[in-house]
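# Structure assessment
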Amino acid sequence: MASDESSLRALENLMTEFFHSCTTNERKREIEEVLNNFAQQTGAWRHCLFFLSNTRNEYVMMYSLTVFENLVNKMWIGLASQDKMEIRSCLPKLLLAQHKSVPYFIRNKLCKVIVDIGRQDWPMFYHDFFTSTLQLIQTPALAPLGLVMLKTTSEELACPREDLSVARKDELRKLLLEQVPTVLGLLTGILETYWDKHSVIASTPPPSPTSREGVELLGSLFQGSQYSKLLCQPMAALDNESHQLCCLVLECLAHLFSWIPLSTSITPTLLASIFHFARFGCDLRTKAKTGPLISSTSNGQLNPGAVLTSNGEGRNGQQSEVNKADRARLGVLAMTCVNELVSKNCVPMDFEEYLLRMFQQTFFLLQRLTRENNAHTVKSRLQELDESYLEKFTDFLRLFVSVHLRRIESSPQFPIVEFLGLLFKYTFNQHTHEGYFACLDIWSVFLDFLTTKIKSRLADRESVLNRYKDALVLLLREVLDRIQFRCNQAQLEELDDETLDDDQQTEWQRYLRQSLEVVAKVMELLPSHAFSTLFPVLQENLDVYLGLRQFIVSNGSSRRLNITAENDCRRLHCSLRDLSSLLQAVGRLAEHFIGEVFAARFSDALAVVERLVEVTCYGSQTGLYDLETAVPSVLKPDLTDVHAQALAALQAYSHWLAQFYSEVHGQNQSQFINLITSAVNAGSPFITTKVPEKLLLSASHLLVSITATVRPVFLVTLPALQNIFNRITTENQTHRLPQEAHILVCRALSNMLLLPWPNLSESEQQWQTRSSSHASLVAALTREYRTLRGTVNISARQPGLDNVKAVIQQTLPVLRDTVDSISSESTKSRQICYQSVQESVQVTLNLFPVFIQHPDVTDEMLAFFLTLFQALRVQMGVAFTGQIIHTFLSMFTREQLAASILQEGSAGCRVVQKFLKILQVVVQEPGQAFKPFLPSILSLCMEQVYPVVAERSSPDVKTEMFELLYQILHHNWRYFFKTSVLTSVQRGGVDDTIENEAQFTAAMQAFGQSFLQTDLHIFKQNLSYLESLNSKHKLYHRKLFRTSMLFHFINVLLQVLLHKSHDLLQEEITLAIYNMASVDFDAFYSVFMPEFLNSCEGVDSSQRDVLARNFKLEQDLPSFTQSVQRLVNDLRYYRLCNSSLPTGTIKL
């Protein structure tokens, strides 16, 4: 005993020293080593039991419990049965004796250790484990402790970690499920008892006249007396102790609901009780008129939350009622329980009625949340509620709409239209942007549901739509109002329009985008109504914008907007911001005017496009963006943005214009020609460096869409476009457009000359004229670049080197974009394009060796060549393509590649990636033309790139290298296997001859090696490549793979599952193992499995026998998957059990 006493004092001193702020890290490591050694000695638990009974030091308690936890979870099997019995007896006694005096986290840790013992021994050796927990719950003074035990049991036994065998996991789950009805009955009883005990029926005042309306609405919402009872029943006023107990019950229920299946054990009484407590989150308590009773809580803080009874005394003697935050917590926990139930998609038939009842009760809560009275508006009411409660409630609504609406919607007992009315009030009274976004998502899900339903029931489309029409109309109008400053300025001003989020959009852009998505979905359901709602609002703001011309005052060379009064400027700012948003809305709706509905909605679309053309022309003529204004920091960006959005909205209608063009082909086209001419005239003045870049880019994108999508034949004759052509082909560096705009304008001009005109035959395409125009366009764009042809060497100190690099880096992106834009077009377009760029391609090839040491330049060159190979390899011809590949292969020496790859993320690394991408394109080419390059490409891949990346992470290069290997194998299978699968089957599998065996084996080894590394992306990619090769070429069935590689691959994949290093890919790995095993199940079960189990370390022979017996000889995928999962789990479990720990006595 004296020894234990001294050990305890020593341990207390060590712990205090360890956590002292002055203790050095080195001393902490020394103490840690002493503690670890002490914990690992045999019988350490006896000392720890003494420590727990005789110390008040929290650190010592925690350490002692950790020793017990380690003993139970890692050494329990090897412990003597007498010792186990003693521990099972002592720890619960210790818990009962000390649970009130120790801190809650020590109590919880002790509960967990006892539950861990139950996890190992119940019911065989610890038969009263669960019954003692139930007894605790039924003993009023010990109920909180029992509930902590119950929740811990649910957490640790229902979903145990994998330190148990699968058989034991299944047994525990079955045992727990047997106890569920009893447990739920007990918990229901507690909730009911406390609610009834604390309900304040006597002091409830009669309902006020204003609450009558709510009761009537709910009368239509709910059928049956239980709902009216729920509605009229007053709220319980819980004291602190009762509140804590109810919180524990609800926490237990939330965890139980996460794993128990929906069944009739979840009774209507239990559901009703949960909903009683859910009301705590949505009821605002009114203060007692006689003034609050202020009481002091245990931690010395004042608690103003107590309610007085009618005679002025505190209820329950002087025990104070819980405060508002604690009441809200009850509501949050109750809603967590509800959400656990609602999140289950699998609903048995006998539970559907309960589900309906649950939804009815939740919508009673929704009605309370959105109820208005004299004291509160809905918004102020929601603002006063707990944030977490509202989040839980919104989660419920989302789950209801996304998972269960299809079940409930047609039920006569569920008033769906009234529900949408409540959801509407709830949505548009949210006081935070995040809350509003979450509600908009719910509407989006509902609109998707409705759209799908209508598409599947076209016959009664009108009746379905009529049912919801009023709700949709209201929704559309309110969402449109919410994006307009004139209706919602205070909220919109709060939105940040500068900081970009992870999706590269500002808070304002996200707000607008989500709102417009809802508008677009309503438009799909009610097109004419949506249009007639939106267009007048747009017109209103357009009139303000178009009326600004009269306020422009010219004074010599300067022009200004003569609106100076602060109020006028503010109103103009709001109108311009709204116009900008509405233009985006109009653009977003463009897709609903094309296709089958083109003719039906033609007049609406024409009105929109004419208005947009008018606005863009007006903006170009008046140059509003260039005016001096009274508040330049606000109005100038507004005017620029409106014009940019008008151009973007017009661009969105390019597909409608294209359909218009094909519809009027062969008819009077004057209306169409006027629209296109005006649009081009509106955009062309902005193709200059003298305007804000936002306008320049919007105009450039408009031109690209007109030339690529609409493709009018008369475009090339328009003076505005001819001016742009002349400006681009004669520009010098000083007047050059910014690179992005320059590329877009060049693409538009190239499209105009290269892309086939719609509705015309080949003979009417005027290819010859267009070809010469395109040649002169490209010649002008590459004038300076082609003068570099003679460059043979450069040095870093060469004076003009930066200029040379600048020319290359400006010209090649333009050429690359030009080639890329015609990659999917007709052969004629590609031929003309190649003729135009041919000289520049040759120049680039000549310059490549000169700049091989300048990765920033070679990166640009290889990007150009990659696009050429993808789009124009046929036009380039075999000889020239071969010359290019030969140049690359000779330039990329092993040293060059290694130096580039080792600089991860550098330009050099990107060069190697692009080079490998080019080779991917080459090896995919059908026919024999490029087959001579296969050996050298394989050699480069396996002998030069692979050795450098094999042992390094190099994820970018590895990804491309393995894709190249896959493409070589997939597209050149006959390079390795001459015979087809069919032939080898017909010949009895004898003639499965392989050529280039060494290279094939090296490639397979590279794939195998990648499965031993940690990179998840590479692992997933390569596993899919092997599976693809098997499905397309029967890789696993090939004799060489079957005899010398198959079992190695299965072994590696099983080891990966055992190490849990790639758990995210469990399904893919198990499927691959199945596909490999299914090649020869007999060999897998009779040869591989015994070999694999014999090679497994850390298990004894009897455990190997059990593992072998449990791996059922099944050949279907689900059973095989189950067997693999069981094998992996049980093997890990046995290793854990067998891992012996060093012994020895250490004195503290």
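Residues numbered from 1 in each chain as written. Predicted model: local features only at pLDDT ≥ 70, side-chain atom pairs only at ≥ 80, totals over all residues. Heavy atoms only, no water.

For the protein chain, an unreviewed UniProt entry supplies the name Exportin-6 and the organism Characodon lateralis. We quote the UniProt Sequence similarities (unreviewed entry) comment for the protein chain here in full: "Belongs to the exportin family." (UniProt positions renumbered as here; feature names shortened; annotations may be inferred.)

Before going further, it helps to spend a moment on the packing of helix H31 (residues 739-754) against helix H32 (residues 767-781). Running from N to C, H31 and H32 point in directions that differ by 160°, and their axes come no closer than 8 Å. By the angle class used here, H31 and H32 are roughly antiparallel. Taken as a pair, H31 and H32 cross one another with a handedness that is left-handed. Listed contacts from H32 to His742, Cys746, Leu749, Ser750, Met752, Leu753 and Leu754 of H31 are Trp767, Arg770, Ser773, His774, Leu777 and Leu781. Taken together, the residues that form the contact of H31 with H32 break down as eight nonpolar, four polar and one charged. (Axes fitted to C-alpha atoms, helices over the stretch in contact; angles between N-to-C directions. Helix = DSSP H or I, 4+ residues; strand = E, 2+ residues; numbered from the N terminus. Parallel < 35°, antiparallel > 145°, perpendicular 65-115°, else oblique. Left-handed = near helix turned anticlockwise from the far one by under 90°. Contact = heavy atoms within 4.5 Å. Nonpolar A, V, L, I, M, F, W, Y, C, P; charged D, E, K, R; others polar.)

A ring pair, where both rings are aromatic, is described by two values, the distance of the centres and the angle of the planes. Counted under the stated rule, the structure contains 74 aromatic pairs. Arranged with centres 5.6 Å apart and planes meeting at 25°, the rings of Phe602 and Trp656 form a pair that is stacked. Taken together, the residues span a long stretch of sequence, with Phe602 in helix H25 (residues 602-622) and Trp656 in helix H27 (residues 654-663) at a distance of 54 residues. Taking the centre distance of 6.0 Å and the plane angle of 65° together, the rings of Tyr1085 and Phe1111 count as edge-to-face. With Tyr1085 in helix H47 (residues 1081-1095) and Phe1111 in the loop between helix H48 (1101-1110) and helix H49 (1117-1138), this pair connects stretches of sequence that are 26 residues apart. The two residues Tyr1085 and Phe1111 agree in class, both being buried. A connected cluster of aromatic rings, assembled from ring pairs, spans Phe1047, Tyr1074, Phe1081, Phe1084, Tyr1085, Phe1088, Phe1092, Phe1111 and Phe1120. (Phe/Tyr/Trp six-rings, centres within 6.5 Å; stacked < 30°, edge-to-face > 60°. Buried < 20%, exposed > 50% of the residue type's maximum accessible area, 1.4 Å probe, protein only.)

So, about the pattern of salt bridges. Taken as a whole and assessed by the stated rule, the structure comprises 41 salt bridges. Between Asp641 and Lys694 there is a salt bridge; the shortest N-O distance is 2.5 Å. Of this pair, Asp641 sits in helix H26 (residues 632-652) while Lys694 sits in helix H29 (residues 693-710); the two residues are 53 residues apart in sequence, bridging distant segments of the chain. The exposure class assigned to Asp641 is buried, which follows from its relative accessible area of 17%. (Salt bridge = Lys/Arg side-chain N within 4 Å of Asp/Glu carboxyl O.)

All right, on to helix H21 (residues 485-494) then. Taken together, the buried positions of H21 are Phe485, Asn488, Gln491 and Leu492. Down the axis of H21, the smallest arc covering the buried residues is 145°, so these residues share one side. Residues of H21 that are buried in the fold lie against helix H16 (378-384), helix H19 (433-456), helix H20 (461-482), helix H22 (507-525) and helix H24 (566-588). (Arc of directions from axis to C-beta.)

At their nearest, the axes of H27 and helix H28 (residues 670-683) sit 10 Å apart, and the two run at 150° to each other. Compared by their axis directions, H27 and H28 come out roughly antiparallel. Here H27 runs over H28; the crossing is left-handed. Of the residues in H28, those in contact with Leu657, Phe660 and Tyr661 of H27 are Gln671, Phe672, Leu675 and Ile676. Along the lines of polarity and charge, the residues of the contact of H27 with H28 split into six nonpolar, one polar and no charged.

What follows deals with the pairing of strand S3 (residues 552-555). Strand direction decides the pairing type here: S3 and strand S4 (residues 558-561), joined by four bridges, are antiparallel. Directly across from Val553, in S4, lies its bridge partner Arg560. Linkage of S3 to S4, two consecutive antiparallel strands, is achieved through a turn of two residues, within which Gly556 is found at a positive phi near 65°. (Pairing = 2+ DSSP bridges.)

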